[in-house]
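Results of the structural survey
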Amino acid sequence: MSVTEIRVEGHLSQIDDGWSFAWLDQARGTARLSRDGRSQIVLVEGSGTDWTVTLGGRRIAVTVRTWRERVLAEAEVAAVAPGGPLEITATLPGLIVGVEVTLGSEVRQGDPLLSVEAMKMQNEVRAPRDGRVTTIAVQAGETVARGALLLRLD
Amino acid sequence: MSAPFDRLLIANRGEIAVRIIRACAELGIESIAVYSDADAGALHVQMADRAERIGPAAAAESYLSVEAILAAARRSGAEAIHPGYGFLSENAGFAEAVEAAGIVFVGPPPATLAALGDKLAARRTVAAADVPIVPGLLVPLGDPTTVGLAEVGFPAMLKAAAGGGGRGMRRVDRPEEVPAALAAAAREARSAFGDATVYAERLISPARHVEVQLLGDRHGNLVCLGERDCSVQRRHQKLVEESPAPAMGLALRAAMFESARRVAETVDFSNAATVEFLLDDSGHHYFLEMNTRLQVEHGVTELVTGLDLVALQIRIAAGERLPDGVLRVEPRGHAIEVRLYAEDPYDDFRPVAGTVGAWQLPGGPGVRVDAGVTADTPLPPEYDPLLAKLLVHGGDRPAALARLRRALDETLIGGVQTDLGFHRWLVDEAGFAAGEYDTSLVPDRWRSGPDLGPAETALAAAAGAAARAASGTAARQPAVRYDSAWGRLARREAIDR
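What counts as what
Residue indices begin from 1 for each chain and proceed along its sequence in written order. Key to labels: chains lettered from A, ligands numbered from 1, both in the order written. Note on the predicted model: pLDDT of at least 70 is required for a residue's local features to be given, and 80 or more for side-chain atom pairs to be given and counted; whole-chain, interface and lining totals, by contrast, use all residues. Here a helix means four or more residues in a row that DSSP labels H or I, a strand means two or more in a row labelled E, and each is numbered from the N terminus. Here the radius of gyration uses the C-alpha set of atoms, whereas the globule reference equals 2.2 Å times the residue count to the power 0.38. A residue pair is marked as a contact if its C-beta atoms, positioned from the backbone, fall within 7 Å. For helices, the fitted axis covers only the stretch in contact; all axes are lines through C-alpha atoms, and the angles between them, taken along N-to-C directions, range from 0 to 180 degrees. In what follows, roughly perpendicular refers to angles from 65 to 115 degrees, roughly parallel to angles under 35, roughly antiparallel to angles over 145, and oblique to any angle outside these ranges. In this scheme, a crossing is called left-handed if the near helix is turned counterclockwise away from the far one by less than a right angle; it is called right-handed if the turn is clockwise. Asp, Glu, Lys and Arg are counted as charged, while Ala, Val, Leu, Ile, Met, Phe, Trp, Tyr, Cys and Pro are counted as nonpolar; the rest, among them Gly, fall into the polar class. A strand pair is defined by DSSP finding two or more bridges across the two strands. Residue burial here comes from a neighbour count, namely the number of other C-beta atoms, placed from the backbone, that lie within 10 Å of the residue's own C-beta, with 20 or more meaning buried, 12 or fewer meaning exposed, and in between meaning partly exposed. pLDDT runs from 0 to 100 and stands for how confident the predictor is about each residue. In this context, the arc is that of the directions from the helix axis out to the C-beta atoms. Each nonpolar core reported here comprises buried Ala, Val, Leu, Ile, Met, Phe, Trp, Tyr and Cys residues connected via C-beta atoms within 7 Å.

We now examine the overall build of chain B. Check the secondary structure of chain B and you find 18 helices and 22 strands. The C-alpha atoms of chain B give a radius of gyration of 24 Å, which matches the 23 Å a tight globule of 497 residues would have. Once the C-alpha set of chain B is aligned to its principal axes, its extents read approximately 80 × 55 × 45 Å. Across chain B, the fraction of contacts at a sequence separation of at least 24, relative to all contacts at a separation of at least 6, is 65%.

Residues and elements named next belong to chain B. Taken N-terminus to C-terminus, the directions of helix α1 (residues 14–27) and helix α11 (residues 309–317) make an angle of 65°; their axes are 9 Å apart at the nearest point. The orientation of α1 with respect to α11, classified from their angle, is roughly perpendicular. For the element pair α1 and α11, the recorded crossing hand is right-handed. Across the interface between the two elements, Arg 19, Ile 20, Ala 23, Glu 26 and Leu 27 from α1 touch Val 310, Ala 311 and Ile 314 from α11. Across the contact of α1 with α11, the residue classes break down as 6 nonpolar, no polar and 2 charged.

With that out of the way, let us pick up the sheet that holds strand β6 (residues 156–160) of chain B. Backbone hydrogen bonds are what pair the strands of a sheet, in a parallel or an antiparallel way. All names here are of chain B. As summarised here, the arrangement of the 3 strands in space is β7-β6-β8, forming an open sheet in which the pairing is antiparallel. Looking at strand neighbours, the two that pair on one side only are β7 (170–172) and β8 (198–202), the edges of this open sheet. Ignoring strand direction, the axes of neighbouring strands in this sheet form an average angle of 30°. Where β6 meets β8, 5 bridges bridge the pair, whose relative direction is antiparallel. By the bridge assignment, Ala 160 is partnered in β8 with Val 198. Where helix α8 (residues 178–193) meets the sheet, it contacts β6, β7 and β8, and its direction lies at approximately 25° from that of β6.

Residues and elements named next belong to chain B. Running from amino to carboxyl end, helix α4 (residues 92–100) crosses helix α5 (residues 110–117) at an angle of 175°, the nearest separation of the two axes being 8 Å. Our classification of the angle between α4 and α5 gives roughly antiparallel. Two secondary-structure elements touch here, α4 through Ala 92, Ala 95, Glu 96 and Glu 99 and α5 through Pro 110, Leu 113, Ala 114 and Gly 117.

We now examine the sheet that holds strand β13 (residues 285–291) of chain B. Residue and element names in this part refer to chain B. Judged by pairing direction, the sheet is antiparallel, and its 8 strands sit side by side in the order β13-β12-β9-β10-β11-β14-β21-β19 without closing on themselves. Taken across any chain shown, the strands that pair with only one partner, and hence form the sheet edges, are β13 and β19 (367–371). Going from strand to strand, the sheet's axes swing by 25° on average, the running direction of each strand aside. Relative to strand β10 (residues 222–234), strand β9 (residues 207–216) is paired through 6 bridges, and the arrangement is antiparallel. Note that in β10 the partner of Leu 215 across the bridge is Val 223.

Counting buried positions along helix α14 (residues 420–427) of chain B yields 7 of 8 residues, so the element is predominantly enclosed. Buried within α14(B) are the following residues: Leu420(B), Gly421(B), Phe422(B), His423(B), Trp425(B), Leu426(B) and Val427(B).

This part takes up the pairing of strand β13 (residues 131–136) of chain A. Residues and elements named next belong to chain A. As paired elements, strand β10 (residues 106–107) and β13 share 2 bridges and run antiparallel to each other. Bridging from a neighbouring strand, Glu 106 pairs with Arg 132 of β13. Judged from the 3 bridges that link them, β13 and strand β15 (residues 149–153) form a sheet pairing that is antiparallel. Residue pairing in the sheet places Ile 136 in a bridge with Leu 151 of β15.

Another point: the interface of chain B and chain A. Contact with chain B, which involves 37 residues of that partner, is made by 41 residues of chain A. Contributing elements (two or more residues each) for the side of chain B that touches chain A: α14, α17 (454–470) and α18 (484–496) of chain B. No other element matches α17(B), which puts 14 residues into the side of chain B that touches chain A. Considered class by class, the residues forming the side of chain B that touches chain A number 23 nonpolar, 10 polar and 4 charged.

The subject of this paragraph is unusual backbone geometry. The omega angle of the peptide bond from Phe154(B) to Pro155(B) is -5°, so this bond is cis rather than trans. Within the fold, Pro155(B) resides in the loop between α7 (145–152) and β6. Positioned with a positive phi, Asp36(A) is a non-glycine residue whose angle comes to about 50°. Among the secondary structure elements, Asp36(A) is positioned in the loop between β4 (30–35) and β5 (38–47).

A word on the confidence of the model for chain A. Counting all residues, the mean pLDDT for chain A is 86, and 91% of those residues have values of 70 or more. Taken element by element, chain A is modelled with least confidence in strand β12 (residues 121–126) of chain A, mean pLDDT 74, and with most confidence in strand β6 (residues 50–55) of chain A, mean pLDDT 96.

Right, let's get into the environment of Ala90(A). All names here are of chain A. Residue position: Ala 90 is located in the loop between β8 (86–89) and β9 (94–99). Assessed through the 23 C-beta atoms surrounding it within 10 Å, Ala 90 is described here as buried. When the C-alpha atoms of Ala 90 and Val 144 are compared, they prove to be 7.2 Å apart, with 54 residues separating the residues in sequence. When residues no more than four places from it in sequence are discounted, the contact partners of Ala 90 are Val 116, Val 144, Ala 145, Arg 146, Gly 147, Ala 148 and Leu 150.

We now examine helix α6 (residues 119–128) of chain B. Residue and element names in this part refer to chain B. Every buried residue belonging to α6 is among Lys 119, Leu 120, Ala 122, Arg 123 and Val 126, and all of these are buried. With its buried residues spanning 155° around the axis, α6 presents them on a single face. Facing away from the buried side of α6 by over 90 degrees, the exposed positions are Arg 124 and Ala 128. Buried-residue contacts for α6 involve α5, β6, β8, α9 (250–265) and β13. At the C-terminal side of α6, Asp 130 shows a positive phi close to 65°.

Take the environment of Leu278(B) next. Residue and element names in this part refer to chain B. Here Leu 278 lies in strand β12 (residues 271–280). Leu 278 sits in the buried class, given 24 other C-beta atoms within 10 Å. Expressed as a C-alpha distance, the spacing of Leu 278 and His 219, which sit 59 residues apart in the sequence, is 30 Å.

Residues and elements named next belong to chain B. Within the largest apolar cluster, 150 residues are counted, with the highest numbers of intra-cluster contacts made by Leu 8, Leu 9, Ile 10, Ile 81 and Ala 463. Among the elements that line this core, the one with the most residues is α17, at 10 residues. For Ile 10, the contacting residues outside a window of four places in its chain are Ala 17, Ile 20, Ile 21, Ser 31, Ile 32, Ala 33, Val 34, His 82 and Gly 84. The next biggest cluster of nonpolar side chains, apart from the first, holds 22 residues, and it includes Leu 137, Met 157, Ala 181 and Leu 182.

This is how it looks when you write it as structure tokens:
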């Protein structure tokens, strides 16, 4: 796992590997954070990409994403328009491994639409909302560029 | 000395119930807690010798139900009831019902609660006893409202006659604001106290909020146990209290103590009460109200006097005399209390719900914590979000402030946003540190707190990223070394998973 994006209260933050970290009580989120021989106790609660860091009593939302999670999250945000036709595009260049839907199929939010292999990892592209597949622009085995149209939902 | 009672019921919850349970334990009294369905696992229920269920989560059907509490007292054979603060503590009808049931009410006589519960009637009585009151009306504000308010002047404060706790209060700066403010205050007063009567006082600004602690027995002894400055407030509700009040001259203190005694002498007073005053910037004090109960902030007075006010309340209720040592006590040093609330100070002190996670409260010399929760305690949305009170005592104000700073830095509370960060800011706020502050401190100087700084942002980012990298590894890897090699190993392990 390699972290490529950290957001603090929604704002992009620098990645800085100079700190060392050790849990004191992981279940309750207490940990020791050190740098250059100086350390302090911090409270870090959460899991996966979403964490809350409490510093001086202030709860601060921190999201920590790998490159893959970032791309998927961006795709989700970009795709979730409330209604009308929706274009699903490739958020990263890759190889289409599988197409899980057929023209005209009704899909529910979260249903798998396509599998894309990128960066040696296979990612599922899921339906950002309910809809009907009106266009399938790619087929298995095809290589797509970033931004290429994959399919349309209505 | 023998125990004043065998069994005492505590008609309250949270930290004050725990406080009273502790006093009972030291006095050799069996403590009986009461609880609603939301509190079945609460700390006060765990700590009491016995516990009685009194109803569902809604306070009106549990902690505010006279019938439910009396039934619990009868079932458990309680000889006395301590009401704590809030809920039924100043309810004369409750005190009467308790006494009618042959149970001792730990507090002033019911008639005294009734006389002082009506803030407007209290203003009339107190003014007649030559105690300065906040200038304003002695009668309810009715129609035509502008006539009464013209005498008071603007800006003015509209207040509920049955009021307390900052509810039913509205500031009005101009005559045209009066109708809407009056309607709002009356509505709030009706829903909070069942009485829509509103009166008006002149707004004293700037003002300090200073109160005098009184203790009296049933044998005519009355003692002033010093004052507390409670000017750090949001929504007219206190966040921080200290004793002695900063920059309080001897003459002013003597005058306020004399006023407090005169207020107490207007009624048949015994047990514990607090007389609240406003102080203006030219050193005049004005009576606000008398609270006929233990205050949240009583611990501040306990630290400077070395007395146990709750134990003394119970002894007084049992008919004992105040000992000479209490009547002649001289306060020593300086004490400060900060209230730890589940509130978001970065969002207008909005109360927050949730479950407490980590709970590491400070210790060491001169530090006292009165808590109503512990780690993993759910916070019922039905009740006040007070989690704990952190109190410090030092030889003088700078020593107490240094101790408070240290104690706050030791405190870690997880799961919910608290006002801890506000208190930490306050300790180093120039005006507060100098003892120069008034009730405008929170609205004028804190507002919604400072923005997140670059150092905090970087630290939060580092902590979040490192926590993610190290999550899932701690169970296998004891956290014995804190060097960076360990951190790198933890990250590598997380990557390899």
